[in-house]
Amino acid sequence: MLKYIELNNDKTPKNKGKLDKEVYKSFDNLENAGVLLDDNVLLIDFDEDKIINYIDTTYPTLKVITTKGVHFYYSLPKNLKLKKKSMIDTINVGGFQVDYKTSSKQYAVVKLNGKTRETNGPLSFENLAELPPLLYPLTKREDNLSGMAEHERKKWHTF
């Protein structure tokens, strides 16, 4: 079940203490609301219109329309280990600059000034599509997308 928090008009939490101190099961009676993420959900914030349609049709998942773009919600792959914080202006494997959010210490705006943001389906973290490798963030990583073991690359360089 999703948990919601009350937000101020500027999208900051009303409760400046712990995010989960005062949570709601519904945001219907809130003027401004955010949904708390969890450790298995990754939100990707796309502001570039040109790529949004491609991602939406190629890697469909829960989508929330924002004032500047789209939030796509994916399940976090087990082989992808990310720090439990926001990653702003991060380049991903596809070369797109996006923002990432994950963990129960993060939230996303779902209602602002009494207006619920449009979604492509029910707002739920159940059965989210798994984050495709093209959208993995480029960070210092120990996993490797090619699947090759160390020094295996040399085998491919036989001319």
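Preceding this paragraph is the structure being described.
Values in this document were obtained by computation on a predicted structure and should not be read as measured data. Residue positions are given per chain, counted from 1 along the sequence in the order it is written. Local features in a predicted model are, by the rule used here, given only for residues with pLDDT of at least 70; side-chain atom pairs are given and counted only at 80 or more, and totals for whole chains, interfaces and linings are based on all residues. Heavy atoms throughout the structure, all of them, feed into the side-chain values; hydrogens and water do not.

### Side note on the environment of Lys21
Here is step 1 of the chain: Looking at the secondary structure, you find Lys21 in the loop between strand S1 (4–6) and strand S2 (33–36).
Here is step 2 of the chain: Note: C-alpha distance between Lys21 and Ile5 (16 residues apart in sequence) is 9.0 Å. Elements are defined by DSSP. Helices are runs of H or I of four residues or more, strands are runs of E of two residues or more, and each kind is numbered from the N terminus.

### A few points about the sheet that holds S1
Here is step 1 of the chain: A strand pair is defined by DSSP finding two or more bridges across the two strands. Spatial strand order, S1-S2-S8-S9: four strands in an open sheet with antiparallel pairing. Pairing within the sheet leaves two strands with one partner each, and these edge strands are S1 and strand S9 (115–116).
Here is step 2 of the chain: In the sheet, S1 pairs with S2 via three bridges, with the strands oriented antiparallel. Considered in S2, the bridge of Tyr4 is made with Val35.

### A short note on the sheet that holds strand S3 (residues 41–46)
Here is step 1 of the chain: Pairing in this open sheet of five strands is antiparallel, and the strands run S4-S5-S3-S7-S6 from one edge to the other. Both edges of this open sheet fall to strand S4 (62–65) and strand S6 (87–91), since each of them pairs with a single strand only. This sheet shows a mean twist of 30° between the axes of neighbouring strands, independent of strand direction.
Here is step 2 of the chain: Pairing of S4 with strand S5 (residues 70–75) involves four bridges; the strand directions are antiparallel. What sits directly across from Ile65, in S5, is Val70.
Here is step 3 of the chain: Along the sheet, helix H1 (residues 49–58) contacts S3, S4 and S5; its crossing angle with S5, the most-contacted strand, is approximately 30°. Geometry is summarised by axes, namely lines fitted to C-alpha atoms with helices restricted to the contacting stretch, and by angles between N-to-C directions that run from 0 to 180 degrees. Any two residues whose heavy atoms approach within 4.5 Å are treated as being in contact.

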